[in-house]
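The lines below spell out each chain.
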Amino acid sequence: MRTGASTFAEGVDLSLYIISGISIFFLVGITAVMIYFVFRYNKKRNPTASHIEGNNTIEVIWTVVPTMLVMVMFYYGWMGFKPMRNVPDNAMVIKAYGQMWKFSFEYPNGTITDTMVVPINQPVKLELISRDVLHSFFVPAFRIKEDLVPGKNNYMWFEANREGRYDVLCAEYCGQLHSYMLSSITVVPEVRYNEWLAVVSAKSDEHPGLAIMKKNACFTCHSQDGSKLIGPSFKGIYGKKEIVVTDGVEREITIDDAYISRSIKEPNADVVQGYMKGLMIPYGAVINDEQIADIVDYIKTLE
Amino acid sequence: MATLSTDLNYLQAKKGLFSWIFSVDHKRIGLLYLYSLMTFFLVGVTLGILMRLELLNPGKDLVEAKTYNQIFTLHGVIMIFLFIIPSIPAVFGNFFLPIMLGTDDVSFPRLNLLSWWIYIIGAIMALSTLLFGDGPADTGWTFYAPYSVKTGTNVTMSVLAAFVLGFSSILTGLNFIVTIHRLKTPGMTFLKMPLFAWALYATSWIQLLATPIIGITLMMIVAERFFGVGLFDPSIGGDPILYQHLFWIYSHPAVYIMALPAFGIISELLPTFSQRTIFGYKAIAFSSLAIAFVGYFIWGHHMFTSGMSGTGRFIFSILTFLVAIPTAIKVFNWVATLYKGSINVQTPLLYALAFIFQFMIGGFTGLVLGALATDIHLHDTYFVVGHFHYVMFGGTGFAFFGALHYWFPKMWGKMYNATVANIAFVILFIGFNTLYFPMLIAGLMGMPRRYYDYLPEFHLPNMISTFGSWILATGLLLMLGNLIYAYFNSKTKPGRNPWGGITLEWQTQSPPPVQNFDRMPVLPKDGPYDFEHKPTIKE
Ligand code: HEM
Ligand SMILES: [Cu+2]
Ligand SMILES: [Cu+2]
């Protein structure tokens, strides 16, 4: 296991060592006794068996001792876990969004990023929001994991105590590219964190449509260069004729403002032939008409 | 002439395909299950080997991501619903429960045949997704909402298959409960019943009481997909967590549907090969009931990371640890049964010993997952994949193979080559542990499950695991080849009681006559494992 990099690691690792220690002791012990009996009481050495039906004292012993041991295990498991639910008051709050197959993070000042940078020794609370199906935010080095459940606001927190870059993995199966739903957390000293935040927060001269699409992770499934991903590419689609399937019936449409708007708000109404229904979620609630106009404007530039 | 029919054993009594697939003889139905179940098992194994090949190296080796996801789903569905849930009860329970109780059939022989047919229909439905519709489901065998509501693959058919299979399981359970209550031979009380019967009794109650819940839950998925009812999909007002609760309320007890019958098998093998009475008969019998009961209240341990309250996690964790105690008691009693026995090391015993070893690893890793701090780290990682294969395959699977070697001479009246069987066992044992132990390590390192591709740091354990899958496959083929060869070619007549067993099936001919007994079975004086007063059995 990788060395821990958060304040929880100690408690988690301690309970792991205690439980595995006791377990390995019994596993080895019982197996050894078992093998010993098989040799010692082999029918060649012991042609007649003794018929021992049981022994109440020993039954009591091997009920009580395991009961005590599992309570010890439970106790350490609980103690290692308890702090994970008590968020300190001074925690910095970051929103972590999950959607097929991308994490994104919203900092208190509204800046949105793909990967996280956090100051060392600073409690960070994550508000976990899923935009489509279940995901799970898993940082092995921090020993933390909590699901992103759509329609429910889960949370988790951590305090990183070692500098470095740590993997974030999605641990709840979420469809086709689940195993590529990765991100990272980089732990840096506070000054470096402030510098980084200033840089990523600076206004860019990006096309506003592009910025909205990046923010909503459209490009995980739609390419800009004509290559086919989960959904059709955006390259040169504006004004193109396309065969779509509507309620099981094929028809031809021309891609225009109205079609793009409908595809964003009700993606499953018309599905381009050859693509799977149900993979894209409706974005009507997160993208307004003004923003859709920006998106259309940007798509027009992709010739 | 009247004696003629009793001279024929159950295999010879009638000929032709129809005399099998419409047979109401519990022994034939047991074999029908055996043949169908082993076929699906081999399909499942092939899918497993394919997955391991894909995971040999990071990146794409063999198939696309979506195909991989469909493979692990189908693998899980086959292994759970078509193999491991029916396995021991449907094959060995059907064949041996009536004989061990000293009776001539189960209470409802026609219902028994019906449950096999339902099983076959369910199996065809599950496998039909390979050929028809939009391809096998890609949700994982757990069908978690809302993905299972949204995906375009053929979830509906897979879910309906599991629904249909549930009825088969319920009917078998019902049949066994009534049989055990009503058809025990005169003189056999509950406390003089073999432990295999006890284990089936506890299992049957779970089958009867828990299976309807999964049936309803899966139908709710179908309703959600077709009519958008708004049960589980939050975008139409549902709650995905509700699905998880409903799913695990069945599926945790289902773990005991898989495990308890295996415990029963081990409790038969150990006394026979130690030639002595079982240690702690009552402790073993009642701990099965305790497990079946407590097992109903711990489903929440599958949901420790889904946002449950701290109190909820506390309660489910502590209850999970409680169920470990009756399980530990069983292990201690089994080992104690070897003490001062007169041990005859034969293939079935080797499987029983491997069961104890591997089941302990499954159990101990279960404790790691039951503790909150460690589960937060390990939930939904390869540690879980390793853990449940140790329980289901290393445990129940090995018990199944042990039972197959134990009762082979009784079922067919032939004997396999013991040396080859032992060699196959050793290869299987090494292969199994090489395949699954590295998964525990990969999980500790942080590799999530249901992963088509992985970061380079997880390469080594994955590579070793894939090598293990080849060793395991070799062992399996050798084991089955040896048995099939014996079935066709063996000239050795094992006689009535090749292992010196004491339960009633060893008093009748091998293979048994249609009516099970050619002469009245004699119960041992002091309980089912009274080897001290073992009735002498004339050929
Ligand atoms: C040759 C034998 C087997 C191999 C190589 C194998 C391999 C695997 C692998 C690699 C996975 C993980 C898939 C993933 O998370 O990406 C898996 C999942 C699974 N296996 Fe096996 N397995 C074998 C036998 C069995 C047996 C005998 C059972 C049950 C008795 C079983 C039950 C399952 C289940 C329930 C899953 C979970 C599927 C899911 O995540 O939806 N497997 N197996
Ligand atoms: Cu995900
Ligand atoms: Cu469980």
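Residues numbered from 1 in each chain as written. Chains lettered and ligands numbered in written order. Predicted model: local features only at pLDDT ≥ 70, side-chain atom pairs only at ≥ 80, totals over all residues. Heavy atoms only, no water.

1. Considering the sheet that holds strand β11 (residues 241-246) of chain A
All names here are of chain A.
Argument step 1. Taken together, three strands build an open sheet; the order of strands is β12-β11-β13 and the sheet is antiparallel. What marks the edges here is a single partner per strand, and that holds for β12 (249-254) and β13 (270-272). Sheet twist, expressed as the average angle between the axes of neighbouring strands with direction ignored, equals 45°.
Argument step 2. Note that β11 and β13 share three bridges and pair antiparallel. Following the sheet pairing, V244 is matched in β13 by V272. (Pairing = 2+ DSSP bridges. Helix = DSSP H or I, 4+ residues; strand = E, 2+ residues; numbered from the N terminus. Axes fitted to C-alpha atoms, helices over the stretch in contact; angles between N-to-C directions.)

2. Re the pairing of strand β1 (residues 92-99) of chain A
Residues and elements named next belong to chain A.
Argument step 1. By the criterion of burial, β1 is predominantly enclosed, with six of the eight residues buried.
Argument step 2. Examined bridge by bridge, β1 and strand β5 (residues 123-130) share seven bridges and lie parallel to one another. Among the inter-strand pairings, V93 is bridged to a residue of β5, identified as K125.
Argument step 3. Across five bridges, the pairing between β1 and strand β2 (residues 102-106) is antiparallel. Looking at β2, one finds that A96 is bridged to F105.
Argument step 4. In this antiparallel pair of consecutive strands, β1 and β2, the connection spans two residues. (Buried < 20%, exposed > 50% of the residue type's maximum accessible area, 1.4 Å probe, protein only.)

3. Considering the site of ligand 1
Residue and element names in this part refer to chain B.
Argument step 1. With respect to spatial proximity, 28 residues lie near ligand 1, and among them Y68, H75, W141, H389 and R450 are the closest.
Argument step 2. One of the backbone nitrogen or oxygen atoms of R450 is found 2.6 Å away from an oxygen atom of ligand 1.
Argument step 3. The separation between an oxygen atom of ligand 1 and a polar main-chain atom of Y451 is 3.4 Å.
Argument step 4. For the shell around ligand 1, the elements supplying multiple residues, two or more each, are α3 (26-54), α4 (65-84), α15 (382-412) and α16 (418-445).
Argument step 5. Element by element, the count of residues in the shell around ligand 1 is highest for α4, at seven residues.
Argument step 6. Here the shell around ligand 1 is built from residues that sort into 20 nonpolar, five polar and three charged. (Near = heavy atom within 4 Å. Polar contact = N/O pair within 3.5 Å; in protein donor to acceptor, adjacent residues only side chain to side chain. Nonpolar A, V, L, I, M, F, W, Y, C, P; charged D, E, K, R; others polar.)

4. Some details on the sheet that holds strand β7 (residues 144-148) of chain A
Residue and element names in this part refer to chain A.
Argument step 1. Ordered by their spatial adjacency, five strands build an open sheet running β4-β10-β9-β6-β7, and the pairing between neighbours is mixed. One side of each edge strand has no neighbouring strand; the edge strands of this open sheet are β4 (116-119) and β7. Each adjacent strand pair in this sheet contributes to an overall mean axis angle of 25°, direction not counted.
Argument step 2. Inspection of the sheet shows strand β6 (residues 135-139) paired to β7 by five bridges, in the antiparallel sense. The residue bridging V139 from the neighbouring strand is I144, located in β7.
Argument step 3. Helix α3 (residues 190-201) rests against β4 and β10 (182-188) of the sheet, and its axis sits at about 140° to β4. (Contact = heavy atoms within 4.5 Å.)

5. Observations concerning the coordination of the iron atom of ligand 1
Residue and element names in this part refer to chain B.
Argument step 1. Only H75 (NE2) and H389 (NE2) from the protein reach the iron atom of ligand 1 as donors, at distances of 2.0 to 2.1 Å.
Argument step 2. Given six donor atoms and angles of 84 to 179° at the metal, the environment of the iron atom of ligand 1 is assigned as octahedral. Highlighted residues: H75 in helix α4 and H389 in helix α15, separated in sequence by 314 residues. The pair formed by H75 and H389 is uniform in burial state, with each residue classed as buried. (Donors = N, O, S within 2.8 Å, 3.2 Å for Na, K, Ca; no water. Tetrahedral: all angles 85-135°; square planar, octahedral: opposite > 155°, others 65-115°.)

6. Thoughts on the packing of helix α5 (residues 87-100) of chain B against α15(B)
Residue and element names in this part refer to chain B.
Argument step 1. Running from N to C, α5 and α15 point in directions that differ by 40°, and their axes come no closer than 11 Å. Here α5 is positioned oblique relative to α15, judged by the angle of their axes. Pair α5 / α15 crosses with left-handed handedness. Only T396, A399, F400, A403, L404, W407, K410 and M411 of α15 make contact with α5, whose side of the interface consists of S87, I88, V91, F92, F95, F96 and M100.
Argument step 2. Taken together, the residues of the contact of α5 with α15 break down into twelve nonpolar, two polar and one charged. (Parallel < 35°, antiparallel > 145°, perpendicular 65-115°, else oblique. Left-handed = near helix turned anticlockwise from the far one by under 90°.)

7. A closer look at the domain arrangement of chain A
Argument step 1. Domain boundaries in chain A define domain 1 (9-44 + 54-83), domain 2 (92-201) and domain 3 (208-300).
Argument step 2. Computed over C-alpha atoms, the centres of domain 1 of chain A and domain 2 of chain A are 37 Å apart. (Domains from an automatic or database assignment.)

8. Section: helix α4 (residues 208-215) of chain A
Residues and elements named next belong to chain A.
Argument step 1. Residues G209, L210, I212 and M213 constitute the buried set of α4. All buried residues of α4 lie within an arc of 160° about the axis, which places them on one face of the element.
Argument step 2. Structurally, α4 contributes buried residues whose contacts are with α6 (289-301).
Argument step 3. A positive backbone phi angle near 60° is found at A217, which sits one or two residues after α4. (Arc of directions from axis to C-beta.)

9. Looking at the packing of helix α1 (residues 9-40) of chain A against helix α13 (residues 347-370) of chain B
Argument step 1. Across the interface, α1(A) lies against α13(B) with an axial gap of 10 Å and an inter-helix angle of 170°. Compared by their axis directions, α1(A) and α13(B) come out roughly antiparallel. Counted together, L16(A), I19(A), S23(A), F26(A), L27(A), I30(A), T31(A), M34(A) and V38(A) of α1(A) and L353(B), I356(B), F357(B), M360(B), I361(B), F364(B), L367(B) and V368(B) of α13(B) form the full contact between these two elements.
Argument step 2. Tallied by class, the residues present in the contact of α1(A) with α13(B) amount to 15 nonpolar, two polar and no charged.

10. Regarding the packing of aromatic side chains
Argument step 1. If you walk through the whole model with that rule in mind, you get 85 aromatic pairs over all chains.
Argument step 2. Both rings, one in Y173(A) and one in F72(B), keep their centres 5.4 Å apart while their planes meet at 80°; by these two values the pair is edge-to-face. Of the two residues, Y173(A) sits in the loop between β9 (164-170) and β10 while F72(B) sits in helix α4, which places them in two different chains.
Argument step 3. Among the residues examined, Y173(A) registers a relative accessible area of 7% and is labelled buried.
Argument step 4. Between F163(B) and F167(B) the ring centres are 5.3 Å apart and the planes differ by 85°, which places this aromatic pair in the edge-to-face class. Residue F163(B) and its partner F167(B) are both found in helix α8 (residues 155-182); the two are separated by four residues, about one turn of the helix.
Argument step 5. Over the ring of Y97(A) we find R131(A), and its NZ or CZ is 4.3 Å from the ring centre. (Phe/Tyr/Trp six-rings, centres within 6.5 Å; stacked < 30°, edge-to-face > 60°. Lys NZ or Arg CZ within 6 Å of the ring centre and 35° of its normal.)

11. Quick look at the pattern of salt bridges
All names here are of chain A.
Argument step 1. Within the structure shown, the criterion is met by 15 salt bridges over all chains.
Argument step 2. With its nearest N and O atoms 4.0 Å apart, the salt bridge here joins R262 to E266.
Argument step 3. On the basis of relative accessibility, which here comes to 44%, the residue E266 falls in the partly exposed class.
Argument step 4. Look at the salt bridges and you will find they share partners, linking R251, R262, E266 and D270 into a network. (Salt bridge = Lys/Arg side-chain N within 4 Å of Asp/Glu carboxyl O.)

12. Some details on the coordination of the copper ion (ligand 2)
All names here are of chain A.
Argument step 1. The coordination sphere of the copper ion (ligand 2) contains the protein donors H135 (ND1), C170 (SG), C174 (SG) and M181 (SD), at a distance range of 2.1 to 2.4 Å.
Argument step 2. Coordination geometry of the copper ion (ligand 2): the four donor atoms subtend angles of 90 to 122° at the metal centre, consistent with an arrangement described as tetrahedral.
Argument step 3. Positions of the donor residues of the copper ion (ligand 2), expressed as sequence spacing, correspond to H-x34-C-x3-C-x6-M.
Argument step 4. Given a relative accessible area of 0%, C174 falls into the buried group.

13. Re a positive patch on the surface
Argument step 1. Together, R40(A), K43(A), K44(A), R45(A) and K340(B) line one region of the surface with positive charge.
Argument step 2. Taking the relative accessible area as the measure of exposure, R40(A) reaches 36% and is therefore partly exposed. (Patch = residues over 30% accessible without salt bridge, like charges linked within 9 Å, V, L, I, M, F, W, Y side chains within 5 Å. Areas by Shrake-Rupley, 256 points an atom, 1.4 Å probe, with all protein chains shown as cover. Lys, Arg positive; Asp, Glu negative; His and termini not counted. Charge placed at Lys NZ, Arg CZ, Asp CG, Glu CD.)

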